[in-house]
Amino acid sequence: MGNDENELRRHIYANSTDRHVIRKLLQKIFLPCSCKETCPKHEVAFSIEETVRALDIPEENISTLLCYLELHAKKYIELLSPAYTVCKVISYGGPMQIRKAAKECPPLAMALALQKNQNENDQNVLEFAIVDIAAAIGWDSGICKHKLKNLEWTTVSGQPKRSTLNVSFSNLGFRLLAPGNLSDDQLDEALDSLYEHVVNQEKMALLQLRAVHQTLVDVAAPSYKSCLQQESTESGVKLKVKIREYFESPNPLDSITLTENKIVDEDQLVNDIRGLISTYRDNNFTGKAVARIFHGIMSPNYPAVIWGRCKYWRSHINVDFHTICKIATREILNFR
Ligand SMILES: [Zn+2]
């Protein structure tokens, strides 16, 4: 019975997020600005794909964290629809065409001014983070994109004609409005409240799972044969009563307690952690990544199609997830 519950717990742990991961996310959101006292909030965007890889959590989970921040009593951010974050301008008429176009197009002028290592790049191609440029000149990124896209056209004797410039957008990103002048205390508070939310969600999900599990164990028959022989109405009535009790109670989860899985064999666990990290030396494992592998939980950087073949996949499914995290983190530090 306990194994079924462990099996389902995996789905809950798949959504748990570490403090340091949340901190990394906040560093992408709250970029320092030069506003004095009040900040009107600036448009910020960051690549969905790169963020998923850097944080090793799925896109939906990042969206959820962003929603928590928006719904927070302090309304830290305002979410906007996702948008392309990179603009690429290619000139088929030489680098001068880009410079000429910049005179009429402030976002392009700013992108040129901020361009680094100008000599090393192909002078016919200019690539830049469009939302950053928009924020730098204080324009809406949509307007900037419109202006830039218009560079593909010129007017020759009253007729529209294609110019020698090609403008394209790529790399879809999360986009939001965020203040840039939060104090360290405010940043800590945002981090704490987000983390607390994640921990509470996880705890609640585990309690709910336990409640369902306990209820089903209470009414379950030892085998299907006994269901065939006797009337099962008694169990049915019992189950209905329990479900009604659950939904009518103001705090149905208060009476539920979580029992931690005891470590069966810590030596074996430590051996396997060491085995895993020395077998895959190129991987920068975190304690959480190890725990996920041992529970058979996939993540963006550790997909099941690949890691499912590793002999450690699901190898410690009966050991408490957070215990593995803790021990693995310790072993990884010792290993370095
Ligand atoms: Zn500001």
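Conventions and cut-offs
Residue positions are counted from 1 within each chain, in the order its sequence is given. A pLDDT threshold of at least 70 governs which residues receive local features in this predicted model, and a stricter bar of 80 or more applies before side-chain atom pairs are shown or counted, although totals over entire chains, interfaces and linings include all residues. Computation of side-chain values: all heavy atoms of the structure, hydrogens and water removed. Secondary structure elements are defined from DSSP: runs of H or I of at least 4 residues count as helices, runs of E of at least 2 residues count as strands, and each element is numbered from the N terminus. Radius of gyration means the value over C-alpha atoms here, while the globule rule gives 2.2 Å times the residue count to the 0.38 power. For every residue, the accessible area obtained with a 1.4 Å probe (protein chains only) is divided by the maximum for its type, and the residue is called buried under 20%, exposed over 50%, and partly exposed between those limits. In this description, contact between two residues means that some pair of their heavy atoms is separated by no more than 4.5 Å. Each axis is a line fitted through C-alpha atoms, taken for helices only over the stretch in contact, and angles between the N-to-C directions span 0 to 180 degrees. When describing relative orientation, an angle under 35 degrees is termed roughly parallel and one over 145 degrees roughly antiparallel, while 65 to 115 degrees is termed roughly perpendicular and anything else oblique. For this classification, the nonpolar set comprises Ala, Val, Leu, Ile, Met, Phe, Trp, Tyr, Cys and Pro, the charged set comprises Asp, Glu, Lys and Arg, and every other residue, Gly included, is treated as polar. Only N, O and S atoms count as donors, using a 2.8 Å limit from the metal and a wider 3.2 Å limit for Na, K and Ca, and since water is excluded some coordination spheres may look unfilled. Any Phe, Tyr or Trp ring, taking Trp's six-membered ring, that has another such ring centre within 6.5 Å forms a pair; planes under 30 degrees apart are called stacked, those over 60 apart edge-to-face, and the others tilted. By definition, a salt bridge exists where a carboxyl oxygen of Asp or Glu is found within 4 Å of a side-chain nitrogen of Lys or Arg. Per the annotation, domain bounds derive from an automatic or database assignment of domains. Summed over both partners, the accessible surface that disappears when two parts come together, traced with a 1.4 Å probe, is what is meant by buried area. The term polar contact refers here to a pair of N or O atoms within 3.5 Å; inside protein, the definition further demands a hydrogen-donor-capable atom paired with an acceptor-capable atom, and it admits residues adjacent in sequence only when both atoms are side-chain atoms.

Q: Before we go on, may I ask you to explain the overall build of the chain in this structure?
A: Within the chain one finds 15 helices and 6 strands. On C-alpha atoms alone, the chain measures out to a radius of gyration of 27 Å, which is more than a quarter above the 20 Å that the 2.2 N^0.38 rule sets for 336 residues. C-alpha atoms of the chain, sized along the principal axes, occupy 95 × 50 × 45 Å. Counting only residues that meet the buried cut, the chain has 38% of its 336 residues in that class. A separation of at least 24 residues holds for 73% of the contacts in the chain among residues at least 6 apart in sequence.

Q: Teacher, can you tell me more about the packing of helix H7 (residues 130-137) against helix H8 (residues 141-149) here?
A: When two helices pack together, their arrangement is given by the angle between the helix axes and by the axis-to-axis distance. In contact at an axis separation of 9 Å, H7 and H8 are set at 110° when each is read in the N-to-C sense. Judged by the angle between their axes, H7 and H8 are roughly perpendicular. Along its contact with H7, which presents Ile 130, Val 131, Ala 134 and Ile 137, the element H8 presents Ser 141, Cys 144, Lys 145 and Leu 148. Grouping the amino acids of the contact of H7 with H8 by side-chain chemistry returns 6 nonpolar, 1 polar and 1 charged.

Q: Just to check I follow, could you spell out the coordination of the zinc ion for this structure?
A: Geometry sets the ideal angles at a metal, namely 109.5 degrees for four tetrahedral donors and 90 or 180 degrees for six octahedral donors. At this site the zinc ion is bound by Cys 33 (SG), Cys 35 (SG), Cys 39 (SG) and His 42 (NE2), with donor distances of 2.0 to 2.3 Å. Of note, the donors binding the zinc ion are all from one chain and are spaced C-x1-C-x3-C-x2-H.

Q: Honestly, the packing of aromatic side chains in this entry has me stumped. Any pointers?
A: Aromatic ring pairs are described here by two measures, namely the spacing of the ring centres and the angle between the planes. Per the counting criterion, the structure on display carries 9 aromatic pairs. On the numbers, 5.7 Å between centres and 50° between planes, the contact of Phe 46 with Phe 174 is tilted. A residue pair is termed long-range when its members are at least 10 positions apart, and Phe 46 in strand S1 (residues 42-47) and Phe 174 in strand S6 (residues 165-178) qualify at 128 residues. Relative to Tyr 312, the ring of Phe 294 has its centre 6.1 Å away and its plane inclined at 35°; by these criteria the two rings are tilted. Linking Phe 294 in helix H13 (residues 287-295) with Tyr 312 in the loop between helix H14 (304-307) and helix H15 (321-335), this pair joins segments that are 18 residues apart in sequence. Taken individually, Phe 294 and Tyr 312 each receive the classification buried, so the pair is uniform in this respect. What links up through ring pairs into an aromatic cluster is the set Tyr 280, Phe 285, Tyr 302 and Trp 307.

Q: I'm lost on the pattern of salt bridges in this one. Help?
A: Oppositely charged side chains can form a pair if their charged atoms are brought close together. The final tally for this structure, using the stated rule, is 12 salt bridges. A salt bridge links Asp 18 to Lys 288, with the shortest nitrogen-to-oxygen separation between them at 2.8 Å. Here Lys 288 lies in helix H13 and Asp 18 lies in the loop between helix H1 (2-13) and helix H2 (19-29), a separation of 270 residues in the sequence. Note on Asp 18: relative accessible area 22%, which makes it partly exposed. Classification of Lys 288 by relative accessible area gives buried; the value is 7%. Taken together, the salt bridges that share partners define one network made up of Glu 266, Arg 274, Arg 330 and Glu 331.

Q: Sorry, what's going on with the domain arrangement of the chain here?
A: Interface size is commonly expressed as the accessible surface area that is lost when the partners come together. Looking at the chain, the domain boundaries give domain 1 (1-16 + 199-259), domain 2 (31-181) and domain 3 (266-335). Spacing between the C-alpha centres of domain 1 and domain 3 amounts to 29 Å. With 8 residues of domain 1 at the interface, the matching set in domain 3 holds 11 residues. Where domain 1 abuts domain 3, roughly 820 Å² becomes buried across the two surfaces, and 41% of that area is made up of carbon and sulfur atoms. Taken together, domain 1 and domain 3 are joined by 0 salt bridges. Between the two partners, domain 1 and domain 3, sit 4 residue pairs in polar contact (both at pLDDT 80 or more). Sorting elements by how many residues they give to the side of domain 1 that touches domain 3 places H1 first, with 5 residues. Looking at the side of domain 1 that touches domain 3 residue by residue, the classes come out as 2 nonpolar, 3 polar and 3 charged.

Q: Teacher, can you tell me more about the environment of Arg 281 here?
A: Position of Arg 281 among the secondary structure elements: in the loop between helix H12 (266-279) and H13. There is a polar contact of 3.4 Å between the side chain of Arg 281 and the backbone oxygen of Ser 278.

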